[in-house]
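Residue strings, one per chain:
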Amino acid sequence: MASESSPLLAYRLLGEEGAAFSANGAGGPGGPSARKLSTFLGVVVPTVLSMFSIVVFLRIGFVVGHAGLLQALAMLLVAYFILVLTVLSVCAIATNGAVQGGGAYFMISRTLGPEVGGSIGLMFYLANVCGCAVSLLGLVEAVLDVFGADATGSGGLRVLPQGYGWSLLYGSLLLGLVGGVCTLGAGLYARASFLTFLLVSGSLASVLVSFVAVGPRDIPLPPRPGPNGSSLPPWFGHFTGFNSSTLKDNLGAGYAEDYTTGAMMTFASVFAVLFNGCTGIMAGANMSGELKDPSRAIPLGTIIAVAYTFFIYILLFFLSSFTCDRTLLQKDYGFFRAISLWPPLVLIGIYATSLSASMSSLIGASRILHALARDDLFGVILAPAKVVSRGGNPWGAVLYSWGLVQLVLLAGKLNTLAAVVTVFYLVAYAAVDLSCLSLEWASAPNFRPTFSLFSWHTCLLGVASCLLMMFLISPGAAGGSLLLMGLLSALLTARGGPSSWGYVSQALLFHQVRKYLLRLDVRKDHVKFWRPQLLLLVGNPRGALPLLRLANQLKKGGLYVLGHVTLGDLDSLPSDPVQPQYGAWLSLVDRAQVKAFVDLTLSPSVRQGAQHLLRISGLGGMKPNTLVLGFYDDTPPQDHFLADPAFSEPVDSTREGGSPALSTLFPPPRAPGSPRALSPQDYVATVADALKMNKNVVLARACGDLPPERLSRGSGGTSQLHHVDVWPLNLLRPRGGPGYVDVCGLFLLQMATILGMVPAWHSARLRIFLCLGPREAPGAAEGRLRALLSKLRIRAEVQEVVWGEGAGAPAPEEEEEGDFVNSGLGDTEAEALARSANALVRAQQGRGTGGGPGGPEAGRDDVGPATALTFLYLPRPPADPARYPHYLALLETLSHDLGPTLLIHGVTPVTCTDL
């Protein structure tokens, strides 16, 4: 091996991840009997072989010759420091519970979730596939360096024809041998790895002995090309034996051109090659499916392997620096064979490490693929990888991986891909560190690893170190790998994934949200930062779906809670009927695509349940300040689930936790004329209770008639032009000056403005109507309101209307101040005034006299844009509960046939003119 003509990274220098694991906790389909491997055979052997790879024979001289002994030792210390940080994280996760098949993929996916775990698992799989191909090509070139017909080194046999086709043939034959071993199972692979380990150990022992036993000698170097293609005279490197002068000459750096590639070497390039060759720390962890006791074997075996390889590298660095001059180290990377007592043994070691690396990568790739297939993260495309033999060997995944490796072999030399493969490995290592860091930061009580030699500092430093190494080795590959991981994560997020693995993100969010909720001090609230926090009481979501989506638009980033009251008494029930309902309500939130929480309660009456929810919903500074109710009328409830495909289609049953359609989880709407859970008296009493508790109230009527594009999540910029009408004055309280806008009126303006900020309502025009009193001059109230709107930064069209205009009823005379429903007017006069106000509103809606949707003139072209939503001032309920039915009848008359309407009463200041 005196001549190494292959390019620098054509050999396998990437730390092969030997892997043989099953996809379930029992060690695969074969059950517990499949777990047969000990710590030595299952962890130490594959990890040592992966961390040595071919670099231990062909890159010791390269590193020491260019970097010098001191910098080489510094590189080795830094490389192993980075690797040890990840080893500590691996040991911590491995000792925190039962480690099932899947190795690093299992650890990452069960900690960070299927999105990140699946994306990194696929990248890890591709790295192993490409790593297997690189190992085979490196082995082919190592063989051809000695036995090829065009070999340039001395002592070559020159019997094998060379060329691209021949190299592909040799690689395919070797792949067939490797694939055959892997197809027969992990047991045969383990025995083959042990045999390889013995051969490599014997070769290394002969090299170590040769440093001492062989005397000084001159070693011919590969011929140098001269001008015009001629060859320069032969030249020699010197093996001096143990010599202090040689050591002194080799202490400092001496970066020069690499004779195999012609590239000028630097600290970064040499460090990248060294680091590439010793990154196989996951080889033992990936055997988790076949280990007898993975929680013990993985940390113990990995630490032993890391310590052993570190000692061997240190020893070889010192021996090379003491005995070989700089010329020999820089110009003949395969000098071990030239100084060996028996050179063929070094060749055996080189070939054995390459073959072991290819087997390790192939079986690792197949097991990762099998685990991904069993988790069903990528659908039917990986279905063939689920096939296993009777003994539990996933031969389907082996054949799948074998085919991909064969395709990669067609690419020939993989110099460029080598850095990409290493970066993929480093992404996986960084993800393991991130997993451990997340578990530590989440302070989860169940994170109790028996391995305690780690902290969040080591995890964080491990993540940073791996990311730094990625960009040091190849900035382009590092950026591309992170982009690929992001795209795969987005794909898996769109597909959905298993929910039973546990997500550390949820634990982290809980930990942080708890801290910030404690810091959210209600005593520091300011009107400038007020936002609506809604509690929507829903009886049956089948009939409330449009209101549920409209309330989601009104929340403006505030708290949104769906509340439901189940009637009953826990004393008379065997168990709580509320808890089993949460799953259906959470599915409702997902399907409706609203950002809401769910709060359910059990109470003897709806009114009492509403009081419970108003008091206890939310936490700390995030508590509802506004109660939203559907309007109480005799309109037959509609089943909106039937017209919405999101609620009529069943959940994909192939996904974990698949469930039937939501239409089967909620009862059908109440039949017309059937008893109602809430009486009119209790309905108005609930409104009064909310106002007594200083909560704002919104009553929503006819939301089912809202234009569909206004409830969508997209922009309404291209939709039909609509108006949003706001009547900020109490139409049932003409006394006290109709032009006066109070706190409740400002609340209406704020809610209408908030709705206009939603993309689906951007194109809607806001109109504000003022009613002129019988003795009020035109323009005065409008001027005051325009000045107020300017201060509040609200853009709207202001219109004054004369009371009774087009309504067929005269304006009432002024009487004592106070709510109309609490005044001394009789029921007949009250009804007349409500009808007059209703006609006044309908006349301004741009729908003619037909009023709301479905009216006789709805949709006419000559009446202008339609009113999509009307905001009305909701007067307070009367103090006398006996007048509640009369109050509700007035609201019915006031809002009759107006189309979608929100009757709102605000009790808290919500607007601010200051910066």
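Along each chain, the written sequence defines residue order, and numbers are assigned to residues from 1. The model is predicted, so local features are restricted to residues of pLDDT at least 70 and side-chain atom pairs to those at 80 or more, both for listing and for counting; the totals for chains, interfaces and linings are taken over all residues. Water and hydrogen atoms play no part in the side-chain values, which are based on all heavy atoms of the structure.

S.K.: What's the story with the overall build of the protein in this structure? I'm lost.
M.R.: Numbering goes from the N terminus for both helices and strands, where a helix is a DSSP run of H or I of at least four residues and a strand is a run of E of at least two. For the protein, the helix and strand inventory stands at 27 helices and twelve strands. Counting across all 915 residues of the protein, residues that qualify as buried make up 56%. In this description, contact between two residues means that some pair of their heavy atoms is separated by no more than 4.5 Å. In the protein, 81% of the contacts between residues at least 6 apart in sequence involve partners at least 24 apart. Using a 1.4 Å probe, accessible areas were evaluated by the Shrake-Rupley method; residue-level cover was limited to the displayed protein chains. Here the protein has roughly 36,700 Å² of accessible surface; of this, 62% comes from carbon and sulfur atoms. Throughout, exposure labels follow a simple rule: accessible area from a 1.4 Å probe, protein chains only, divided by the maximum for the residue type, with under 20% read as buried, over 50% as exposed, and the rest as partly exposed.

S.K.: Is there a simple way to explain the side chain of serine 401 in this structure?
M.R.: Secondary-structure assignment places serine 401 in helix H14 (residues 395-409). Residue classification places serine 401 among the buried residues on the basis of a relative accessible area of 0%. Polar side-chain contacts of serine 401 include one of 3.2 Å to the side chain of tyrosine 125. When neighbours within four sequence positions are excluded, serine 401 is seen to be in contact with Tyr125, Leu362, Ala365, Ser366 and Leu369. In protein, a polar contact means a hydrogen-donor-capable atom and an acceptor-capable atom, both N or O and within 3.5 Å, with residues adjacent in sequence counting only if both atoms are side-chain atoms; elsewhere, any N or O pair within 3.5 Å suffices.

S.K.: Would you mind showing me how to read the state of the cysteines here?
M.R.: Here, the word disulfide means a covalent bond between the sulfur atoms of two cysteines. When two cysteine sulfur atoms are found within 2.5 Å, that pair is recorded as a disulfide. Summed over the entire model, instances satisfying the criterion amount to zero disulfides. Here cysteine 130 stays free of any disulfide, with the sulfur of cysteine 132 as its closest cysteine sulfur at 9.9 Å. Of all cysteine sulfurs, the one in cysteine 182 lies closest to cysteine 132, which takes part in no disulfide; the gap is 7.5 Å. By relative accessible area, cysteine 132 is classed as buried at 0%.

S.K.: When you look at the pairing of strand E8 (residues 722-727) in this model, what are you seeing that I'm missing?
M.R.: Note on strand geometry: in a regular strand, side chains alternate between the two faces of the sheet. Within E8, six of the six residues are buried, leaving the element largely enclosed by the surrounding structure. Each pair of strands is called paired provided DSSP finds at least two bridges between the two strands. Summarising the sheet, E8 and strand E11 (residues 866-873) pair through six bridges and their orientation is parallel. Residue pairing across strands places histidine 723 opposite threonine 867, the latter belonging to E11. Here E8 pairs with strand E9 (residues 765-772) via four bridges, running parallel. Its bridge partner being in E9, valine 724 is matched across the sheet by leucine 766.

S.K.: Explanation requested: the pattern of salt bridges in the structure shown.
M.R.: Should the charged atoms of two oppositely charged side chains come close, the side chains can pair. What counts as a salt bridge is simple: a side-chain nitrogen of Lys or Arg found within 4 Å of a carboxyl oxygen of Asp or Glu. Evaluated as defined, the whole model comprises nine salt bridges. Where glutamate 831 meets arginine 835, a salt bridge forms, and the shortest distance between an N and an O atom there is 3.9 Å. Of this pair, glutamate 831 and arginine 835 both sit in helix H26 (residues 827-843), four residues apart, which is roughly one turn of that helix. Residue class for arginine 835 comes out partly exposed when judged on its relative accessible area of 48%. Within this structure, Asp633, Arg701 and Glu892 form a network of salt bridges that share partners.

S.K.: Got a minute to help me understand unusual backbone geometry in this structure?
M.R.: Negative phi is the rule for most residues except glycine; trans is the rule for most peptide bonds. Even without being a glycine, aspartate 376 presents a positive backbone phi close to 55°. Structurally, aspartate 376 can be placed in the loop between helix H13 (343-375) and H14.

S.K.: What is the right way to read a positive patch on the surface from this model?
M.R.: The residues that make up patches have over 30% relative accessible area and no salt bridge, and they are joined within 9 Å when like-charged or within 5 Å when they are Val, Leu, Ile, Met, Phe, Trp or Tyr. When charges are counted, neither His nor the chain ends are considered; positive counts come from Lys and Arg and negative counts from Asp and Glu. Charge coordinates come from a single atom per side chain, which is NZ of Lys, CZ of Arg, CG of Asp or CD of Glu. A cluster of basic residues, Arg514, Lys515, Arg519 and Lys524, forms a positive patch on the protein surface. Looking at the element boundaries, arginine 519 is found in helix H18 (residues 504-519).

S.K.: Would you mind showing me how to read the sheet that holds strand E10 (residues 797-802) here?
M.R.: Strand pairing in a sheet relies on backbone hydrogen bonds, with the paired strands running either antiparallel or parallel. Read across the sheet, ten strands follow the order E5-E4-E3-E6-E7-E12-E11-E8-E9-E10 without closing on themselves; strand pairing throughout is mixed. Only two strands of the sheet have a single neighbouring strand rather than two, namely strand E5 (597-603) and E10. Each strand axis lies, on average, 25° off the axis of its neighbour in the sheet, ignoring direction. Direction of pairing for E9 relative to E10: parallel, over a ladder of six bridges. Interaxial angle, 0 to 180 degrees, is taken between N-to-C directions of lines fitted to C-alpha atoms, where a helix line uses only the stretch in contact.

S.K.: Explanation requested: the side chain of serine 465 in the structure shown.
M.R.: Secondary-structure assignment places serine 465 in helix H16 (residues 456-473). Leaving out residues up to four positions away in the same chain, serine 465 has contacts with Ile82 and Leu85.

Function-wise, these values are silent; they only describe arrangement.
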